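Residue-level listing of the chains:
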There are 2 protein chains.
Amino acid sequence: MHLKSKYKKLLNNALEAGGQRSTKQREHIFALLLEKRDHPTADEIFARARSGMSTISLATVYNCLETLVETKLIRQVNFEREPTRYCPNLTQHAHFYCRESGDIVDIELPEKVLSELMQVLPKGFSAQHIEIAYDGKCNDCHDAVN
Amino acid sequence: MHLKSKYKKLLNNALEAGGQRSTKQREHIFALLLEKRDHPTADEIFARARSGMSTISLATVYNCLETLVETKLIRQVNFEREPTRYCPNLTQHAHFYCRESGDIVDIELPEKVLSELMQVLPKGFSAQHIEIAYDGKCNDCHDAVN
DNA sequence: GTATTAATTAGAATAATTCTAAATATTTCG
DNA sequence: CGAAATATTTAGAATTATTCTAATTAATAC
């Protein structure tokens, strides 16, 4: 697995813009997040990172993830107090958490719904972000029962 | 501070329905959550609980909160990986988290917006709950700047 | 009122994350 | 290019919210 030059450039530009350095570890972490977009936790990312870079440490995984979040190349996803997950999908989207399989699925949100959510706010309030998390049963798990 | 008999009855009925016992500690915790609805953390609840019940333990606070959540008298509120907060407002509502003051404000959600959010889900998905969290600047903090 | 069962308690354990300080890598600039 | 400056990585310790454990105490049933 190696970063397509498009993403490599994206990463390096973003790092440079923030006065940060391009490193093997950051590329590796970013690449594997793009490769398998299943909202892994830091532990899962650490496990994946080690195959291909056996000497990487957990602290580095946390450091790289923090950097990628700061540079807005990925975002954090939280469900209750479960371990934080990481997501390279930067479009405004919600998450669906399936209670049965534990899978997390991105849900795209139409502009219209978002603007209605903004309008619901009382006067004087301004939001810079809305976090929306569904939980229930996903398509695969509905099928599986039948 | 003591529970109005209305809430006392609510609490005791809910506990009884779940085969659980009515205790001084559970009443105390429930009362203080109803009294000051500012979404306190377990630590804050522990501090408040001690004034008026100096021997209560943190473990009991956690136990009571868990029981109240199970019996659906309160709900948990989470922002990212911050300590869990507790909320006795059981209507379907969202939370607004002010980055400036740290205050959390309940936002009531019209049925229409909720049903639109449900309709956004792909075919085969069913949600039993939607968690919505805004973050930004609340009314008080906008005023304060001027 | 005693037996039964559940709840409370203090403190230990756990788990995710952050911190620390030393070693290493990257960049800068002469 | 090669040394100096600075950022990053690393291993392990520290932190923090929460859960667990086992003994004590309280509530309910008979």
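Heads up: the structure comes first, above all this text.
What counts, and at which threshold
- Residues numbered from 1 in each chain as written.
- Chains lettered and ligands numbered in written order.
- Predicted model: local features only at pLDDT ≥ 70, side-chain atom pairs only at ≥ 80, totals over all residues.
- Heavy atoms only, no water.
- 1 Å grid on protein atoms, 1.4 Å probe; cavity = no way out; pocket = protein on both sides within 12 Å on 5 of 7 lines; lining within 4 Å.
- Points joined across faces, edges and corners; volume = space filled by probe spheres on them.
- Helix = DSSP H or I, 4+ residues; strand = E, 2+ residues; numbered from the N terminus.
- Nonpolar A, V, L, I, M, F, W, Y, C, P; charged D, E, K, R; others polar.
- Near = heavy atom within 4 Å.
- Polar contact = N/O pair within 3.5 Å; in protein donor to acceptor, adjacent residues only side chain to side chain.
- Least-squares fit on C-alpha atoms with pLDDT ≥ 70 in both.
- Contact = heavy atoms within 4.5 Å.

Requested: an account of the layout of surface pockets, with residues and values cited.
The volume enclosed by the largest pocket comes to roughly 1,700 Å³. Along the wall of the largest pocket there are 48 residues; nearest its centre are Asn 78, Glu 131 and Ala 133 of chain A together with Asn 78 and Glu 131 of chain B. Listing elements by their share of the lining of the largest pocket, those giving two or more residues are α4 (58-70), β1 (75-77), β3 (93-98) and β5 (126-137) of chain A together with β1 (75-77) and β5 (126-137) of chain B. The dominant element in the lining of the largest pocket, judged by the number of residues it contributes, is β5 of chain B, at seven residues. Residue composition of the lining of the largest pocket, grouped by class: 17 nonpolar, 15 polar and 16 charged.

Go over the protein's contact with DNA strand C with me, naming the residues and quoting the values.
Residues in close proximity to DNA strand C total 20 residues, the closest being Arg 21, Tyr 62 and Thr 84 of chain A together with Thr 23 and Thr 60 of chain B. Across the atoms of DNA strand C situated within 4 Å of the protein, the share located in sugar and phosphate is 73%. Contacts to DNA strand C include Thr 23 of chain B, whose side-chain N or O atom sits 2.7 Å from a phosphate oxygen. Here a phosphate oxygen of DNA strand C sits 3.3 Å away from a polar atom, N or O, in the main chain of Ser 57 of chain B. Counting only elements with at least two residues in the surface near DNA strand C, the list comes to α4 of chain A together with α2 (24-35) and α4 (58-70) of chain B. If one sorts the elements of the surface near DNA strand C by residue count, α4 of chain B sits on top with four residues. Among the residues making up the surface near DNA strand C, the classes are represented as seven nonpolar, nine polar and four charged.

Give me the lowdown on the relation of the copies chain B and chain A, citing residues and values where you can.
Each of the two chain copies can be brought onto the other by rotation about an axis and movement along it. Least-squares fitting of chain B to chain A yields an RMSD of 0.0 Å, with the transformation described by 0.0 Å of translation along the axis and a rotation of 180 degrees. The transformation relating the two chain copies, once decomposed into turn and shift, fits a two-fold axis. The rotation axis passes nearest to the C-alpha of Ile 132 of chain B in chain B, at a distance of 2.3 Å. Comparing contact sets, 100% of the residues at the interface of chain B also lie at the interface in chain A, consistent with an isologous, same-surface contact.

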